[in-house]
Amino acid sequence: MSVMIERLEGMVNRYHEINDMMMSPDIVSDSKMLAKLGREQADLTQIVETYQEYKKNADALEEAKALLGEEDKELREMAKMEVEELEPLCESYLQKLEVLLIPKDPNDTHNAIMEIRGAAGGDEGNIFAGDLYRMYVKYAESLGWRIETIEMAEAEAGGFSLVSFMVKGNGAYGKLKFESGSHRVQRVPKTESQGRIHTSTATVLVSPEIEADDFDIDMNDLEIETMRASGAGGQHINKTDSAVRIVHKPTGIVVKCQDGRSQHENRATALLTIRSRVYEEHQRQIEAAAGAERRSKIGTGDRAEKIRTYNYPQNRVTDHRIGYTVNQLDRIMEGRMDDLINALITADQQAKLAGNA
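Predicted model only: the values in this text are computed from it and were never measured.

Cut-off values and rules
Residues numbered from 1 in each chain as written. Predicted model: local features only at pLDDT ≥ 70, side-chain atom pairs only at ≥ 80, totals over all residues. Heavy atoms only, no water. Pairing = 2+ DSSP bridges. Helix = DSSP H or I, 4+ residues; strand = E, 2+ residues; numbered from the N terminus. Axes fitted to C-alpha atoms, helices over the stretch in contact; angles between N-to-C directions. Salt bridge = Lys/Arg side-chain N within 4 Å of Asp/Glu carboxyl O. Buried < 20%, exposed > 50% of the residue type's maximum accessible area, 1.4 Å probe, protein only. Phe/Tyr/Trp six-rings, centres within 6.5 Å; stacked < 30°, edge-to-face > 60°. Core = buried A, V, L, I, M, F, W, Y, C linked by side-chain atoms within 4.5 Å. Parallel < 35°, antiparallel > 145°, perpendicular 65-115°, else oblique. Left-handed = near helix turned anticlockwise from the far one by under 90°. Contact = heavy atoms within 4.5 Å. Nonpolar A, V, L, I, M, F, W, Y, C, P; charged D, E, K, R; others polar.

Caption draft 1: Region of interest: the sheet that holds strand β7 (residues 243-248). The antiparallel open sheet is built from three strands, whose spatial order is β6-β7-β8. Every interior strand has two partners, whereas the edge strands, β6 (222-227) and β8 (253-257), have only one. Strand-to-strand twist of the sheet, defined as the mean angle between neighbouring strand axes without regard to direction, takes the value 15°. Where β7 lies against β8, five bridges are found, and the strand directions are antiparallel. When the bridges of β8 are listed, V247 appears paired with V254.

Caption draft 2: Geometry of the pattern of salt bridges. Evaluation of the coordinates by the stated rule reveals 20 salt bridges. Between R134 and E334 there is a salt bridge; the shortest N-O distance is 3.1 Å. Of this pair, R134 sits in helix α5 (residues 123-142) while E334 sits in the loop between α9 (329-333) and α10 (338-353), and the two are 200 residues apart along the sequence. Under the relative-accessibility criterion, E334 is labelled partly exposed at 36%. A network of salt bridges, in which partner residues are shared, links E179, R308, D319 and R321.

Caption draft 3: Up close: the packing of aromatic side chains. Per the counting criterion, the structure on display carries five aromatic pairs. Ring geometry for F128 and Y310: centres 5.3 Å apart, planes at 70°, overall edge-to-face. A residue pair is termed long-range when its members are at least 10 positions apart, and F128 in helix α5 and Y310 in strand β9 (residues 306-311) qualify at 182 residues. Assessed through its relative accessible area of 0%, F128 is described here as buried. You can call Y310 buried: its relative accessible area is 0%. Seen in terms of ring centroids, Y139 and W145 are 6.0 Å apart; in terms of plane orientation they differ by 85°. Their pairing is edge-to-face. An aromatic cluster is built from Y133, F160 and F165, whose rings are joined through pairwise contacts.

Caption draft 4: Region of interest: the nonpolar core. I116, L132, Y136, V167, L176 and Y310 are the most contacted members of the largest nonpolar core, which has 35 residues in total. Elements supplying a minimum of two residues to this core: β1 (112-118), α5, β3 (160-168), α6 (172-176), β5 (198-208), α9 and α10. Core analysis: the second largest hydrophobic core is formed by 24 residues, I18, L37, I47 and Y54 among them.

Caption draft 5: A look at the packing of helix α1 (residues 2-21) against helix α3 (residues 31-66). Relative to each other, α1 and α3 sit at 130°, their axes nearing to 9 Å. Judged by the angle between their axes, α1 and α3 are oblique. Handedness of the crossing formed by α1 with α3: left-handed. Each of I5, L8, E9, M11, V12, R14, Y15, I18, N19 and M21 in α1 lies in contact with α3, whose residues at this interface are L37, E40, Q41, L44, T45, I47, V48, Y51, Y54 and K55. Its residues placed into classes, the contact of α1 with α3 shows 13 nonpolar, three polar and four charged.

Caption draft 6: Inspection of the sheet that holds strand β2 (residues 146-154) at higher detail. Taking strand neighbours across the sheet as the criterion, the eight strands line up as β2-β3-β1-β5-β4-β9-β10-β11 in an open arrangement whose pairing is mixed. On the outer flanks of this sheet lie β2 and β11 (324-326), each paired with one strand and no other. Each strand of the sheet is rotated relative to its neighbour by a mean of 15°, with strand direction disregarded. Bridge count for β1 against β3 is six bridges, and the pairing is antiparallel. Within β3, the position partnered with I116 by the bridge is V163. Together, β9, β10 (316-319) and β11 form the strand contacts of α10, whose direction differs from that of β11 by roughly 165°.

Laid out in structure tokens, this is it:
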């Protein structure tokens, strides 16, 4: 307890230090440093405010306890009522502070880069990839986030063999990072004449957007080529060599971007995307070498890991990592994912509190 209080006091001191620094003319004129301090301050705000509430109520609790020994019976009764009210309140603040003090993934506040691929099941796998894309778009829209397409390969029967996109919004990666893995669908495909249920899969990969200042990528390791964009897009997209394809030679990671209005725009988006993918691979290798599971006990973030089943006949969604099952598939496919996402975040926090991640 004393270690925790000491840590909290240090955070309060840092919070006030940042306040003072942000009023300094040198910092005000340095937009990058101002933004960095602003992010740090934002991370500390909830902790500091919760701790201040805890201290206020803990002080009141101590005062009430001191009155329990008074001779005045009425005063003792009032003190007893206060103690009964304040003890659980202080305990709830301590529990909240425990969660807030869990080391945070510094990338949680970043934008997210998502890639969905149709996998097992042929046409049905591609159609399901399209359904997942629509689900994430609707979820993002419900939170006021923006979607920017990076690459889109439409499948003949519908859906996508591949679609990658940026989800722009504060905390996007923190909410979406547990979506990486293999998503399995059980339903009767439109092409099935005898009404048999088929099982198909689509894979999802989620990476944080990584700025150049956060992770340096050697341009000599990149093979960059331009080409004519393919697919729908009208005259502009088919008459200019605006598409950009980048290969990171050491890892073999490939990114193609063609949805921007110019080669310059596509190149910038492709570079940003490949930096994020290479960063993820770099982190995976570090954690594998250390013998640690990636991200948390909830999941490894591996594209091959089966994380969730969507059963259409029973209107059921099951997340296999946390044993979460709900008969609301129709709602979830419409982007109403809050309960599911929050259950994953809570399970991750509990695993970290228990020292299992």
